[in-house]
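Residue-level structure breakdown
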Amino acid sequence: MIQFAFAAMVPPAALPWETVLVVEDEAMVCEIAAEALADEGYRVLTAADAVEAGRILQAERIDMLFTDIDLARNTNGMALARDARRHCPRLPVVYTSGGRQTLGDGEAVTGSVFVPKPYRPSQIVALANRILGH
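Residues numbered from 1 in each chain as written. Predicted model: local features only at pLDDT ≥ 70, side-chain atom pairs only at ≥ 80, totals over all residues. Heavy atoms only, no water.

The name given to the chain in an unreviewed UniProt entry is Blue-light-activated protein, and the organism recorded there is Methylobacterium frigidaeris.

This is the structure we're talking about:
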């Protein structure tokens, strides 16, 4: 009973929701995006490159992939998203990049979203909420 009463007092945003994987090689940018999503109640995992992200995608259930396009160790968020979609065809993907303002036809996986840098953390939270139905 006490545990139930405590859970009822916790605001909905503090309850665990879906897991978002943030893939970003700029540590401060990664931290800002991850913190904004975590403050909204999402479980957030982070990776600095596509190799690390690939390991996480194999080991964890991920509900949304938020990835920079040009990553450390010459890895690429586009290739990461294509690989992720082969294993999880309905995985929502959000791309970001500071080096471009749009994506060309056929570059991105179907149904994905692109957010150019710089973005506001609130944009990413609102996008996650919309994509994941919150």
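Notes on empty space enclosed by the protein
Let me state the cut-off plainly: A cavity here means a set of points on a 1 Å grid, drawn over the protein atoms and nothing else, where a 1.4 Å probe fits but cannot get out; a pocket is an open set with protein on both sides within 12 Å along at least five of seven lines, and a residue lines either one if it has an atom within 4 Å of a point. Grid points are joined across faces, edges and corners, and a volume is the space filled by probe spheres set on the points. To qualify as a helix, a DSSP run of H or I must reach at least 4 residues; to qualify as a strand, a run of E must reach at least 2; elements of each kind are numbered from the N terminus. Amino acids are sorted into nonpolar (Ala, Val, Leu, Ile, Met, Phe, Trp, Tyr, Cys and Pro), charged (Asp, Glu, Lys and Arg) and polar (every other residue, Gly among them).
Applying the stated criterion across every chain yields a total of one cavity of 30 Å³ or more. Considering only enclosed or pocket space, the largest cavity measures out at about 30 Å³ in volume. Together, Val22, Val23, Glu24, Val29, Cys30, Ala33, Phe66, Thr67, Asp68, Thr96 and Tyr119 line the largest cavity. Secondary-structure elements contributing two or more residues to the lining of the largest cavity are strand E1 (19–23), helix H2 (27–39) and strand E3 (64–68). Within the lining of the largest cavity, the residues separate by chemical class into seven nonpolar, two polar and two charged.

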